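Residue strings, one per chain:
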Amino acid sequence: MAELARRAGIAKSTLSQLESGAGNPSVETLWALGVALNVPFSRLVDPPRPAVRVIRAGEGPVTHSERADYAATVLSSCPPNARRDIYRIEAQPGETRASDPHMPGTVEHLMLGAGRALAGPTEAPVELGPGDYVSYPGDAPHVFRALAPDTLAVIVMEHI
């Protein structure tokens, strides 16, 4: 424990509190521990996730900075050896955009910026509002339908 505290540049007592579950680490502390352990920051704060995951605006694992008015919410960590493509979506109400399955292992992450939308697996899409996030298997049929004018979203396609 002393060696890890030294490599991370944190007090041994802080590390002991974290290990016992009594501490509330800052972004900086978690980042330093991640570097010392050679583990990405997101792996320390992002719990295991189900195939379809919805994070509503204001929800999710938040870590606060001790040095600034800054809070980081991990929506999704990138698995090892993954590739991601990011898309900005502009849509108007009307026809549903139905997508055929992509390559095996593809996961889509969608965050709605403005408007309202229905998105996700064809058999169980989720209604989203501004700031909401959903992830779902992209290697299964899925849909996106704007429910309000000038709907904007960001889609990140993760190819494993």
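The paragraphs below set out a description of the structure included in this document. All figures in this text were calculated on a predicted structure; none of them were measured in a lab.

1. Things to note about the sheet that holds strand β9 (residues 133-137)
- Pairing is antiparallel across the open sheet formed by 5 strands, whose spatial order is β1-β9-β6-β11-β4. Single-partner strands in this sheet number two, and they are β1 (53-55) and β4 (83-91). In this sheet, adjacent strand axes meet at a mean angle of 15° when their direction is disregarded.
- Pairing of strand β6 (residues 107-114) with strand β11 (residues 151-159) involves 7 bridges; the strand directions are antiparallel.

2. Brief notes about unusual backbone geometry
- For Asp-150, which is not glycine, the phi dihedral falls at a positive 55°.
- Along the chain, Asp-150 turns up in the loop between β10 (142-146) and β11.
- For Asp-150, a relative accessible area of 53% translates into the label exposed.

3. Overview of the nonpolar core
- Core analysis: the largest hydrophobic core is formed by 14 residues, its most contacted members being Leu-110, Leu-112, Ala-119, Leu-128, Val-134, Phe-144 and Ala-153.
- Apart from the residues lying within four places of it in its own chain, the contact partners of Val-134 are Val-52, Arg-53, Val-54, Glu-108, His-109, Leu-110, Val-126 and Leu-128.
- Counting residues in each nonpolar core, the second largest holds 7 residues, with Ala-5, Ala-8, Leu-33 and Ala-36 among its members.

4. Thoughts on the sheet that holds strand β7 (residues 117-121)
- An order of β5-β10-β7-β8 is seen for the 4 strands of this open sheet, with the pairing classed as antiparallel. Of all the strands in the sheet, just β5 (97-99) and β8 (126-128) have a single pairing partner and so form its edges. Neighbouring strand axes in the sheet, compared pairwise and without regard to direction, differ in orientation by 15° on average.

5. Examining the pattern of salt bridges
- Overall, the coordinates contain 6 salt bridges when judged by the stated rule.
- Close ionic contact of Arg-88 with Glu-90 constitutes a salt bridge, the shortest N to O distance being 2.3 Å.
- The exposed category is assigned to Arg-88, whose relative accessible area is 57%.
- For Arg-116, the salt bridge is made with Glu-127, and the minimal N-O distance between the two is 3.1 Å. A residue pair is termed long-range when its members are at least 10 positions apart, and Arg-116 in the loop between β6 and β7 and Glu-127 in strand β8 qualify at 11 residues.
- Among the residues examined, Arg-116 registers a relative accessible area of 36% and is labelled partly exposed.
- With relative accessibility at 40%, the residue Glu-127 sits in the partly exposed group.

Conventions used here
Residues numbered from 1 in each chain as written. Predicted model: local features only at pLDDT ≥ 70, side-chain atom pairs only at ≥ 80, totals over all residues. Heavy atoms only, no water. Pairing = 2+ DSSP bridges. Helix = DSSP H or I, 4+ residues; strand = E, 2+ residues; numbered from the N terminus. Axes fitted to C-alpha atoms, helices over the stretch in contact; angles between N-to-C directions. Buried < 20%, exposed > 50% of the residue type's maximum accessible area, 1.4 Å probe, protein only. Core = buried A, V, L, I, M, F, W, Y, C linked by side-chain atoms within 4.5 Å. Contact = heavy atoms within 4.5 Å. Salt bridge = Lys/Arg side-chain N within 4 Å of Asp/Glu carboxyl O.

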